[in-house]
Amino acid sequence: MQEPPKNIEEFLKLQNLDHWPKEAHLWDSDKLLHAMKKIKEDSSFTSIYTHLWRNVLRIDDAAIAMESRLSKCSILLKNHASEIFEWNRIISRTISHGKLKQYKAFLKKYHKEKKIMGCDFPGFRTDELTQLPRHLNAERIYLFILKAHNFDGKVFKIWRTHFLSEASIALLHDCFWWWFLHKFKPDRESQDCLFDRISESYVTLFMSIPLSRKDTFFQVYPDCLAQAIYATFQEAFPESSNLFNDEFKEDLGNNIFLWLSGLPPQKGFWTHWKLKELSTTTIHGSRKMPSKTIKDMIARDQEHIAACKMIINMYSTPLCPLCYRCHIY
C-alpha cells in the first residue's frame, strides 16, 4: 500500500499538480453577473414585501369584508327608508292632521317599550372602569360561564386565571357598556373612548397568555366573552329579557368575534350556550321573581286592545293594522 504524502511536494506530485490550491474556473462573466443581479433583486425588500403581500393572508381582509357588508347594508337601508317615506306620504293623504298626531303619539309610546328603561351610561373615566349595572360582579359572571362549559379541573384552573385577569375583567366591563350604548342609547364619543380602551385591554391580555396556550385560549375566549356580556344583560335587565332574543345574540357574537379574531362566527353559534335558565334563574342559582304579574299582563292587553280600536277608527279598517293578536272586528 502506498504511503500518504508527508509534505506539500509529495502531495503535488501525487495529484499531478504544479501548484495548490488549484485555480477554480468560474462561469462565464456575463452569466455570473446576471445570476448575481437576479439574487440581489430577489432578496430586495420590495421583492420580499410583494411576495408576502400576494401570498400571505392579512388581518385587513376582515376589514375589507366588513366594508363590503356595510356597503350592502347601506343599500338595503336606503331602500327601506324610501319605503318608509312613501308610507308617510300615503298616511298624510288618507287621514286628518289630528288623527296623525294621535297615531304618532301611539307609535312613540309603543317604541319606548322596546327600549331598556331606567338605566343610563354613568360616563367614561380614563383611570377607572365603569361599574356594571346593579353592582354585578364581572368575576362571578365569568365563573358562571366557565362552569357552564364543564371544563375538567386542570383546564378550569388554568382558564380561570386568564379569564379573571385584570385585562379580561376590563374587556367585559367596556364591551358590555359599548354594546349597551350601541343597541339602546347611542353615544359616539363615549363609544369611541370605550373602544380605545377595549383595544388596549385586548393587547394586554393577548401578550399575557403563554405562547403554548395562546391559540387554544383565543379559540375559546371570544365565545365566552359574548356569553358573559349576554348573561350580564339578562342579570341587569330581567324585565327586558324579551329584547335579548336570537337576533340580539347573533349581532353581539358577530361583533365580538370580529373584534377579537377578525372573523365572524358560524351562524347560530349561540345555540350551544347553556344559558337558557338565565331567564328564570340568577347567576347565583336563585329563582328570579316574574317581572310582571298576571294582573299587569291583563291590564297591558286591555290597553293594547284600546289602542287597536283607536287605530281601527282612524283607518276605518275591519282588522287591527298593527297585529293579528286582537282579531277585533
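If you're wondering where the values come from, they're calculated on a predicted model, not measured in any experiment. (Residues numbered from 1 in each chain as written. Predicted model: local features only at pLDDT ≥ 70, side-chain atom pairs only at ≥ 80, totals over all residues. Heavy atoms only, no water.)

Attention now goes to the environment of L146. For L146, the position within the fold is in helix α6 (residues 138–148). Placed 10 residues apart in sequence, L146 and F156 show a C-alpha to C-alpha distance of 7.3 Å. Discounting residues that sit within four places of it in the chain, L146 has contacts with F151, F156, W159, R160 and F163. (Helix = DSSP H or I, 4+ residues; strand = E, 2+ residues; numbered from the N terminus. Contact = heavy atoms within 4.5 Å.)

Of all the 11 residues making up α6, eight are buried; the element is thus mostly covered by neighbouring parts of the structure. Along α6, the residues classified as buried are A138, I141, Y142, L143, F144, I145, L146 and A148. Residues of α6 that are buried in the fold lie against α7 (153–163), α8 (166–183) and α10 (211–236). At the N-terminal end of α6, a side-chain oxygen is found 3.0 Å from the backbone nitrogen of E139, two or three residues along, and the residue is N137. In the stretch just after α6, N150 is the one whose phi turns positive, near 55 degrees. (Buried < 20%, exposed > 50% of the residue type's maximum accessible area, 1.4 Å probe, protein only. Polar contact = N/O pair within 3.5 Å; in protein donor to acceptor, adjacent residues only side chain to side chain.)

As for its placement among the helices and strands, K249 is situated in helix α11 (residues 246–261). Take K249: its relative accessible area is 12%, and that puts it in the buried class. Not counting the four nearest positions on each side in its chain, K249 is found in contact with Y230, F244, F269, W270 and W273.

Notably, R134 is not glycine yet its phi reads approximately 55 degrees, a positive angle. Considering the arrangement of structural elements, one finds R134 in the loop between α5 (97–112) and α6. The backbone of H135 sits at a positive phi, close to 55 degrees, despite the residue not being glycine. Within the secondary structure, H135 is located in the loop between α5 and α6. H135 sits in the exposed class, given a relative accessible area of 81%.

Moving on to the nonpolar core. Grouped together as the largest cluster of nonpolar side chains are 57 residues, with contacts concentrated most on Y221 and F233. Among the elements of the structure, α6, α7, α8, α9 (188–208), α10 and α11 are those that each provide at least two residues to this core. Residue contributions to this core peak at 12 residues, all from α10. Aside from chain neighbours lying at most four places away, what touches F233 is I116, F176, W179, F180, F184, F244 and F248. (Core = buried A, V, L, I, M, F, W, Y, C linked by side-chain atoms within 4.5 Å.)

Within this structure, the stated rule accounts for nine salt bridges. Note that K38 and D42 form a salt bridge whose closest N and O atoms lie 2.9 Å from each other. Placement of both K38 and D42 in helix α2 (residues 29–42) is noted, with a separation of four residues, approximately one turn of the helix. Overall, the relative accessible area of 42% leaves D42 in the partly exposed class. In this structure, K185 and D120 form a salt bridge, with 2.7 Å as the shortest nitrogen-oxygen distance. In this pair, K185 is assigned in the loop between α8 and α9 and D120 in the loop between α5 and α6, connecting sequence segments 65 residues apart. A relative accessible area of 27% means that K185 is categorised as partly exposed. (Salt bridge = Lys/Arg side-chain N within 4 Å of Asp/Glu carboxyl O.)

Bringing the packing of aromatic side chains into the picture now. Throughout the structure, instances matching the rule amount to 31 aromatic pairs. Relative to W273, the ring of Y230 has its centre 5.8 Å away and its plane inclined at 45 degrees; by these criteria the two rings are tilted. Placement of Y230 in helix α10 and of W273 in the loop between α11 and α12 (294–315) is noted, with a sequence separation of 43 residues between them. Each of the two residues, Y230 as well as W273, counts as buried. Aromatic side chains F269 and W273 sit 5.8 Å apart centroid to centroid with 70 degrees between the ring planes, which places their arrangement in the edge-to-face category. In terms of burial, F269 and W273 fall into one category: buried. The ring of F206 carries K214 above its face, with NZ or CZ at 4.3 Å from the centroid. (Phe/Tyr/Trp six-rings, centres within 6.5 Å; stacked < 30°, edge-to-face > 60°. Lys NZ or Arg CZ within 6 Å of the ring centre and 35° of its normal.)

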